[in-house]
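Chain and residue survey
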Amino acid sequence: MSINEISKIVEIVVPIIGIILAIISVIVAYFLLRESRKMHVLSSSPNLVFSFHSSSQNRILGRLENIGYGTAYNINVKVDPDFQIMGRKSLQKIFKNVNYLSPKQCYDIDYGVINVDNNLKVFKKHKLTITWTRKKQDKKKEIFIANFEEDYFINFPCSHSFSDLVNSIDNLNNNLERYLSTV
């Protein structure tokens, strides 16, 4: 092979390699941009949770809180089975007052008084299913589910037992897996 033939082959191959590298760069940039958009959506999304807090030595508050960085809209809380707290409205009707929650905003509900046996009066086993959207007109709903047993407050507001901590971590893990599967 002569130098002219090698030079002609190089003249043909080098632009082809340049085109291939440019295509690879575009593909890599596309996937990086897609991942960046996902991260932006996750970092600016609302995330609702429900927890209990003691407001005094013997009063318990249920707190619906947006721990995310975006406003949660179209909030719907389903209580199954529904029951009355503090001799007032049903728990489900109380949650009807919440339409949206801004980041770090919460909505507290007075669940009642813990009696001498460390049980919450009128508290019943129930399941909360909380759904919300990221935008007002959004159709896709996010979800948080919490199950509360009648013996939930046995050690509340004192520290919980190791098994309560394990169950709480399991519930958190289940909710996290559900959330990640929707993303």
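You'll find the structure just up there.
Residues numbered from 1 in each chain as written. Predicted model: local features only at pLDDT ≥ 70, side-chain atom pairs only at ≥ 80, totals over all residues. Heavy atoms only, no water.

What to know about the environment of Gly62
Inspection of the secondary structure puts Gly62 in strand β2 (residues 59-66). Overall, Gly62 belongs to the buried group, its relative accessible area being 0%. Sequence-wise, Gly62 and Cys106 are 44 residues apart; in three dimensions their C-alpha atoms are separated by 10.0 Å. Setting aside anything within four residues of it in sequence, one finds Gly62 in contact with Phe50, Ser51, Phe52, Tyr107, Asp108, Ile109 and Tyr111. (Helix = DSSP H or I, 4+ residues; strand = E, 2+ residues; numbered from the N terminus. Buried < 20%, exposed > 50% of the residue type's maximum accessible area, 1.4 Å probe, protein only. Contact = heavy atoms within 4.5 Å.)

Examining the side chain of Asn66
Checked against the element boundaries, Asn66 lands in strand β2. Judged by relative accessible area, Asn66 falls into the buried class, the value being 0%. The residues touching Asn66, leaving out its near neighbours within four places in the chain, are Pro46, Asn47, Leu48, Thr71, Ala72, Leu101, Ser102, Pro103, Lys104 and Gln105.

Re the environment of Gly68
Locating Gly68 in the fold gives a position in the loop between β2 and β3 (73-80). Sequence-wise, Gly68 and Pro103 are 35 residues apart; in three dimensions their C-alpha atoms are separated by 5.7 Å.

Considerations on the pattern of salt bridges
Across all of its chains, the model carries three salt bridges by this definition. With a shortest N-O distance of 2.7 Å, Arg63 and Asp108 are connected by a salt bridge. In this pair, Arg63 is assigned in strand β2 and Asp108 in strand β4 (residues 106-113), connecting sequence segments 45 residues apart. In this structure Arg63 comes out as partly exposed when scored by relative accessible area, which is 21%. A relative accessible area of 33% places Asp108 in the partly exposed class. Of the charged contacts in the structure, one is a salt bridge between Glu142 and Arg134, with a shortest N-O distance of 3.4 Å. (Salt bridge = Lys/Arg side-chain N within 4 Å of Asp/Glu carboxyl O.)

Some points on the packing of aromatic side chains
Taken as a whole and judged by the stated rule, the model has three aromatic pairs. On the basis of an interplanar angle of 70 degrees and a centroid distance of 5.9 Å, the ring pair of Phe50 and Phe95 is categorised as edge-to-face. In this pair, Phe50 sits in strand β1 (residues 48-54) while Phe95 sits in helix α2 (residues 91-95), placing the two residues 45 residues apart along the sequence. As far as burial versus exposure is concerned, Phe50 and Phe95 are alike and both buried. In this structure an aromatic cluster arises from ring pairing among Phe50, Phe52 and Phe95. Between Lys104 and the ring centre of Tyr69, over which it is positioned, the NZ or CZ distance is 4.3 Å. (Phe/Tyr/Trp six-rings, centres within 6.5 Å; stacked < 30°, edge-to-face > 60°. Lys NZ or Arg CZ within 6 Å of the ring centre and 35° of its normal.)

Observations regarding the pairing of strand β5 (residues 126-133)
Along a regular strand, successive side chains alternate from one face of the sheet to the other. Where burial is concerned, most of β5 is hidden: seven out of the eight residues are buried. When β3 meets β5, the two strands line up antiparallel, connected through six bridges. Along β5, the bridge assignment pairs Asn76 with Thr131. Note: β5 against strand β6 (residues 142-148), seven bridges, orientation antiparallel. Residue pairing across strands places Thr129 opposite Ile145, the latter belonging to β6. (Pairing = 2+ DSSP bridges.)

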